[in-house]
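So you can see what is in the structure, the chains are spelled out below.
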Amino acid sequence: MKRTIKKAAVLGSGIMGSRIACHFANIGVEVLLLDIVPKELTDAEKAKGLSLDHPAVRNRIVASSLQTAVKSKPSPLYDKTDASLISTGNFDDDMAKIADVDWIIEVVVENLDIKKIVFDQVEKYRKPGTLITSNTSGIPIHLMLEGRSEDFQKNFCGTHFFNPPRYLKLLEIIPTEKTDPEVVDFFMHYGDLYLGKETVLCKDTPAFIANRIGIYAIMSGMHTIEKMGMSVVEIDKLTGPVIGRAKSATFRTMDVVGLDTTVKVSTNLYNGLPNDESRDQFQLPKIVQELYDRKWWGDKTKQGYYKKTVDENGKKVILELDLNTFEYKEQVKPRFEALGAAKEIDDLKQRLPLVINYDDKAGEFYRATFYDLFKYCSNRIPEIADELYKIDQAVAAGFAWQMGPFETWDVLGVKETAEKMKAAGNAPAAWVDEMIAAGHDSFYKFENGKRHYYDIPSKSYKVIPGTEGFIYLDGFKENNVVWSNAGTTLYDVGDGVLNLEFHTKMNSIGGEVIEGINTAITKAEENFNGLVIGNEGEQFSAGANLAMLFMFAGDQEYDEINLMIAQFQNTMMKARFSSVPVVAATSGLALGGGCELSLHCDAIQAHAETYMGLVEVGVGLIPAGGGTKELILRSSDEYATGDPELNTLQEYFMNIATAKVATSAAEMKGMNVMRKGDKITLNRDRLLADAKERVLQLHNAGYTQPVERTDIKVHGRTSLAMFEAGIGGMQYGAYISEHDAKIAKKLAYVMSGGDISAATTVSEQYLLDLEREAFLSLTAEPKTLERIHSILFKGRPLRN
């Protein structure tokens, strides 16, 4: 049966329901969002003379929930205009409308009896064959089938999204014995390709996979924290980005999520797992129980492990909770030798072994918690999953970890770590010993560019299902490296396509990356069909490396700066005018120079979560790697399509002058940093493969090397007067400083094509020269030097 999802119904408009609805709107699906009818009037409704029968009253709950979601930050929508795809209603008046949808998702309160009442209503109106799922996070899926029709049962399963649905990748698919296998296959495929999710097939066990392991890791950690007498800020320092996890780490995350939620899940797991060998870890230690009893549940109760307050000077401060006295105190910056030693190690796979094996309190904490987690995960196979990769996928995608438990264990060395675990009283499951004894020393390995996992029943390695078409650069490191330097690696990824990976800090663009781009294009032109520029890291590129610029500017080496800018511009133009297609595969930050590089590629294949913009004004400069030139060119092209002249140019000027950053690929299209032919990838894991496919499409279509443009229309004094009037008004109103005005005027001069008397056409090189001159003059400004210093040295004052 061929299925397409044109319209979905979301039943329940709370935090999860409204945001799931938004995510469907993100991908262009129409959504019907329903909720209950209020039983009482609000004071505002009474004042307006409304009754309970008034449509605005009957839909008040759903309308308010959706409005709150749309206004929330970070936004659940790629583009606010997509909210128009969501229509609202209530269960009593509008349930019949579900007959027109392809997928019905129940997202009401976590109460089985209430869910059954909703399903009774669904059965009355749902057309046969329509998909029906529950977003429950813990209620056994099979219990929801009681009293349901055969057609309902075979088209029903659990689809557990994680909050916030736009940003957390995980979608757990939980079928019952009566779910049609075709339905399961559809959800696994649709969640991956269309919703951009890590779809993980789960068993119908308590809390499924991610929450079972994730909550265990949290509660096990709490017991260790209490035992070792560690502080709130110490733990949040140790359990954040340094080990590849979210900035909110442990305690800040619990405050945001709500301690009551964590306690509820942990208590349910304790009660529902009488045979779990580590069941006692789900019991609440004092540092959790005490806060729960006091109703200090985090942000929702205005205090938790942290508390926002105001000091005697009226300054906002955040206090931490003393876990011994349960009184709030000023935060004391923690210091650990392990973290100091790891400070300069950017590669997580190199950093983890150092900090976990370090001989200090941090290392002791890491070993206690990681070893216990490894043991627990090894014992959960085959209870919650038959394959170890599912545990890694679920936990990493659901809790925003860069690496799952078995992946982390691999990095530490499976055999070596297993021996240390035994010595610490955390012996792993027997199958791990059997694997090691058979000569297998890792849970994962690459063969022919494909990622394989260790399959326990067959005692052999198998390709991870669903990843056959993915490109993993780690899989090419052994045999397919074409060239490399300190900041880049160039891979042959097959079919005549090269892939250039940056691996500098934040993938910033310095001399080694410039060399890498030039070399990659040259080699592609000599022997290959095209080039992808992209990586598997969190950021595409955070922009140019400012350290060298700061050094040259501080020493007043302006000739060196001029040469550096010219080299950067030449590299961007080489990307634009290569004889083979060059595609930028963007994800995460693509700022400043990273944006400029993308603008000059033949195409952009952007992950939906790409944050792109020309942000140079923030450091007192203007874009001079062709970014300003490129927006002038695109503005000129829009004149021919009937755009009122200067409107688009003014919009682009404001985007640069305010350092505007698109917060999604959809917004990038709205800002015209993505063009009509550029594509969006929803699933980050598919990005490099999609970019490679785009290169091959361009090549097979008969790619022709572009020719430098000489027909770019600029307006000279006409646009310059417009810009300067606006700048003067902003300065007069004290919205910008004198230095900001100086930067804006330099930008206006470039975007006007200089001080020319009438509109004319110019070349790309003409505009590049203007860019470079303006940039160079701004590097001589003391204020610019101060801003760069502040960024490089995190706000410390510049001393002469």
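Conventions used here
Residues numbered from 1 in each chain as written. Predicted model: local features only at pLDDT ≥ 70, side-chain atom pairs only at ≥ 80, totals over all residues. Heavy atoms only, no water. Core = buried A, V, L, I, M, F, W, Y, C linked by side-chain atoms within 4.5 Å. Buried < 20%, exposed > 50% of the residue type's maximum accessible area, 1.4 Å probe, protein only. Helix = DSSP H or I, 4+ residues; strand = E, 2+ residues; numbered from the N terminus. Contact = heavy atoms within 4.5 Å. Salt bridge = Lys/Arg side-chain N within 4 Å of Asp/Glu carboxyl O. Phe/Tyr/Trp six-rings, centres within 6.5 Å; stacked < 30°, edge-to-face > 60°.

J.: Just checking my understanding: could you explain the nonpolar core for this structure?
T.: As a rule of thumb, nonpolar side chains are buried together in soluble globular proteins. Membership of the largest hydrophobic core comes to 114 residues, with the highest contact counts inside it found for Ile98, Tyr305, Tyr366, Ile391, Phe406 and Trp431. With ten residues, the single largest contributor to this core is helix α9 (residues 210-228). Non-local contacts of Ile391, meaning those with residues more than four positions away in its chain, are made with Ile209, Ile213, Cys377, Arg380, Ile381, Ile384, Ala385, Pro405 and Phe406. Counting 78 residues, the second-largest nonpolar core is a separate cluster that includes Leu490, Leu500, Phe502 and Cys595.

J.: So what exactly am I meant to see when it comes to the pattern of salt bridges here?
T.: Where charged atoms from two side chains of opposite charge approach closely, those side chains can pair. As enumerated under the stated definition, the model contains 47 salt bridges in all. Lys300 is the salt-bridge partner of Asp260, the closest N and O atoms lying 3.0 Å from each other. Note that Asp260 is positioned in helix α12 (residues 259-272) and Lys300 in the loop between α13 (286-293) and β9 (306-310), a separation of 40 residues in sequence. Its relative accessible area of 47% is what places Lys300 among the partly exposed residues.

J.: Honestly, the packing of aromatic side chains in this entry has me stumped. Any pointers?
T.: Centre distance and the angle of the planes are the two values used to describe a pair of aromatic rings. The full count for this structure, using the stated rule, is 32 aromatic pairs. Between the aromatic rings of Phe374 and Trp409, the centroid separation amounts to 5.1 Å while the plane-to-plane angle is 10 degrees, which identifies the pairing as stacked. Of this pair, Phe374 sits in helix α16 (residues 361-379) while Trp409 sits in helix α18 (residues 405-412), and the two are 35 residues apart along the sequence. For the pair Phe374 and Trp409, one class covers both residues: buried. Every member of this aromatic cluster is reached through a ring pair, and the members are Phe365, Tyr366, Phe370, Phe374, Phe406, Trp409, Trp431 and Phe443.

J.: What is the right way to look at unusual backbone geometry in this model?
T.: For residues other than glycine, phi is negative in most cases, and the peptide bonds are mostly trans. Between Lys73 and Pro74 the backbone carries a cis peptide bond, its omega angle lying at -5 degrees. Relative to the helices and strands, Pro74 is located in the loop between α4 (60-71) and β3 (86-90). Of note, the bond from Asn163 into Pro164 is cis; its omega dihedral lies within 30 degrees of zero at 0 degrees. With respect to the helices and strands, the residue Pro164 is situated in the loop between β6 (156-161) and β7 (170-175). Phi is positive for Met506, close to 55 degrees, though the residue is something other than glycine. Mapping Met506 onto the fold places it in the loop between β17 (497-502) and α21 (511-527). Overall, Met506 belongs to the partly exposed group, its relative accessible area being 42%.

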